[in-house]
Amino acid sequence: MSPVHAGAGDSSSRDGVSGMHVALEDVSVIRDDEIVLHRVGLTLTPGTVTVVLGGSGEGKTTLARTALGLTPPDHGRVVVDGRDLRDLSDRDVRALRRSAGAMLGGPLIFDGSLQGSIDAAGNLAFPLRARDTPEDEVGVRVDWWLDAFGLSDQRDLLPHDLSAHTRRRLALAAALIAEPTLLVLDEVELGDDSIRSGPMRRAIQDAAHRGGATVLVTTHDLELARDVADTVVVLANHRVVAAGAPDGVLAGVDDGIEFDRRFRANDDLGPDLEAQLESMRSRRYREWSVDPVVLGVFLALAATAAVLTLLLQLMP
């Protein structure tokens, strides 16, 4: 499938600051000898929200981490603002990550996006201070986000003292508060937090449509995708099987059963992943293999050195 491009959206940005252009080009990722992502092509553009839908184990978290440069691909490349991440210096990579906001999933979902040793207010202040925001502005913005997400009464509590829903809200606010140019929100599930889901959905959209950020959301929440996405991308069998406007891609898909039937079960005739895995194994072997001539010269020199060492030891 050709690379997927996020929808046009309203790309107007705050103070002329635009989001990052991020492209995953033919990206494959292998973990523990299993394909996690298979030849994914995806382009994220400023001012848009791209929602990646997929079941558990399809590679959504790996895709989010790859877009942030945290998981290097085994095949293909990630290009940010026209630059291949592999070619960036450590300093440039750190600068890129400072400009990004992230809420990452995984085994310790949401907890890994928070500082466990500081209270809720401190967690919101942390990304602002990391960007050298004036201290008086830090206080104002922290108070605003605590109130907007219903966290004012928990401002002095540590993350482990908060309920799961409250930690989710805090992690989302921490990712949003510094107005990042790239916002990656992994495993977003707002349906169980209905009281605050409206403000949280609007905040995600506003980051892109009013703030100009490039926003990537991964989830299996169909309602969330319909509400916030400019573009929906579906992962099934570890690859992109559908992409486009939510109304088109999700037409007639009302629940997880229909989603699985349409996108996963009907994709059984997709690529032979075992054959592709063997191909990538062979490619990686060839990349690391040594030229036979060079190997022969090396072995000859090693043998000569060993003989000379032995003769020196035998000399009186």
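Remember, predicted model here, so these are calculated numbers, not experimental data.

Criteria and thresholds
- Residues numbered from 1 in each chain as written.
- Predicted model: local features only at pLDDT ≥ 70, side-chain atom pairs only at ≥ 80, totals over all residues.
- Heavy atoms only, no water.
- Helix = DSSP H or I, 4+ residues; strand = E, 2+ residues; numbered from the N terminus.
- Buried < 20%, exposed > 50% of the residue type's maximum accessible area, 1.4 Å probe, protein only.
- Contact = heavy atoms within 4.5 Å.
- Areas by Shrake-Rupley, 256 points an atom, 1.4 Å probe, with all protein chains shown as cover.
- Expected span 1.5 Å × (residues − 1).
- Arc of directions from axis to C-beta.
- 1 Å grid on protein atoms, 1.4 Å probe; cavity = no way out; pocket = protein on both sides within 12 Å on 5 of 7 lines; lining within 4 Å.
- Points joined across faces, edges and corners; volume = space filled by probe spheres on them.
- Nonpolar A, V, L, I, M, F, W, Y, C, P; charged D, E, K, R; others polar.
- Pairing = 2+ DSSP bridges.
- Axes fitted to C-alpha atoms, helices over the stretch in contact; angles between N-to-C directions.
- Phe/Tyr/Trp six-rings, centres within 6.5 Å; stacked < 30°, edge-to-face > 60°.

Peer 1: Give a description of the overall build of the chain that names residues and reports values.
Peer 2: Summing up its helical and strand segments, the chain has 11 helices and 11 strands in all. Expressed as a percentage of the 316 residues in the chain, the buried residues total 46%. In the chain, once contacts between residues fewer than 6 apart in sequence are set aside, the share between residues at least 24 apart is 73%. About 16200 Å² of surface is accessible on the chain, with carbon and sulfur atoms providing 53% of the total.

Peer 1: Before we move on, could you go through helix H4 (residues 135-148) and cite the residues and values that matter?
Peer 2: Given 3.6 residues per turn, any residue in an α-helix points the same way as the ones three and four places further on. Between its first and last C-alpha, H4 extends 20 Å over 14 residues, near the 20 Å set by a 1.5 Å rise per residue. Burial in H4 covers these residues: Val138, Arg141, Val142, Trp145, Leu146 and Ala148. Viewed end-on, H4 has its buried residues packed into an arc of 160°, placing them on one side of the element. Opposite the buried face of H4, at more than 90 degrees from it, the exposed residues are Asp136, Val140, Trp144 and Asp147. The first or second residue beyond H4 is Gly150, which carries a positive phi of 65°.

Peer 1: Which residues make up helix H3 (residues 120-130), and what are the values?
Peer 2: Counted residue by residue, H3 has eight buried out of 11 residues, so it is predominantly covered. All of the buried residues in H3 are Ala120, Ala121, Gly122, Asn123, Leu124, Ala125, Pro127 and Leu128. Looking at the buried residues of H3, the elements they touch are H4 and helix H5 (164-176). Looking at the residues trailing H3, positive phi occurs at Asp132, about 60°.

Peer 1: I'd like a description of the layout of surface pockets, backed by residues and values.
Peer 2: Over the atoms rolls a probe the size of a water molecule, and its path tells where empty space is left. Size it by volume and the largest pocket reaches roughly 590 Å³. What lines the largest pocket is a set of 21 residues, and nearest its centre among them are Arg97, Ala100, Gly101, Ala102 and Ser113. Secondary structure elements with two or more residues in the lining of the largest pocket: helix H2 (90-98), strand S7 (100-103), H3 and H5. Among the elements that make up the lining of the largest pocket, the one with the highest residue count is H3 (four residues). Considering only residue class, the lining of the largest pocket consists of 13 nonpolar, five polar and three charged. Of the pockets and cavities examined, the second largest pocket occupies roughly 460 Å³. The dominant element in the lining of the second largest pocket, judged by the number of residues it contributes, is helix H6 (residues 194-209), at five residues.

Peer 1: Before we move on, could you go through unusual backbone geometry and cite the residues and values that matter?
Peer 2: The backbone phi angle of Asp32 is positive, close to 50°, even though this residue is not glycine. Take Asp32: it is sitting in the loop between strand S2 (22-31) and strand S3 (34-44). A positive phi angle, near 55°, is found at Glu187, a position not held by glycine. Structurally, Glu187 can be placed in the loop between strand S8 (182-185) and H6.

Peer 1: So what's going on with the environment of Leu157? Which residues, and what values?
Peer 2: Structurally, the position occupied by Leu157 is in the loop between H4 and H5. Judged by its relative accessible area of 34%, Leu157 falls in the partly exposed class. Between the C-alpha atoms of Leu157 and Ala121, which are 36 residues apart in sequence, the distance is 8.4 Å. Those residues in contact with Leu157, other than ones at most four positions away along the chain, are Asp119, Ala120 and Leu162.

Peer 1: Can you lay out the sheet that holds S7 for me, pointing to particular residues and giving the numbers?
Peer 2: Read from one edge to the other, the open sheet built from six strands follows the order S7-S8-S9-S4-S10-S11, with strand pairing classed as mixed. The sheet is open, and its two borders are formed by S7 and strand S11 (239-244), each paired with just one other strand. Here the average twist between neighbouring strands, direction ignored, is 15°. Strand direction decides the pairing type here: strand S4 (residues 49-53) and strand S9 (residues 214-219), joined by five bridges, are parallel. Across the sheet, residue Thr50 finds its bridge partner in S9, namely Leu216. Along the sheet face, helix H9 (residues 256-264) touches S4, strand S10 (231-236) and S11 and points at about 75° away from the line of S10.

Peer 1: So, the packing of aromatic side chains: which residues are in play, and what are the values?
Peer 2: Under the definition given, this model contains three aromatic pairs. Their ring planes at 85° and their centres at 5.5 Å tell us that Trp145 and Phe149 sit as a pair that is edge-to-face. Connected via pairs of aromatic rings, a cluster forms that spans Trp144, Trp145 and Phe149.

Peer 1: Could you give an account of the pairing of S4, naming the residues involved and the relevant values?
Peer 2: In terms of residue burial, S4 counts as a mostly covered element, since five of its five residues are buried. Residues Val49, Val51 and Leu53 point to one face of S4 and Thr50 and Val52 to the other, with burial holding for every one of them. Here S4 runs beside S10; their pairing, made up of four bridges, is parallel. Within S10, the position partnered with Val51 by the bridge is Val232.

Function cannot be inferred from these measures alone, as they are strictly geometric.
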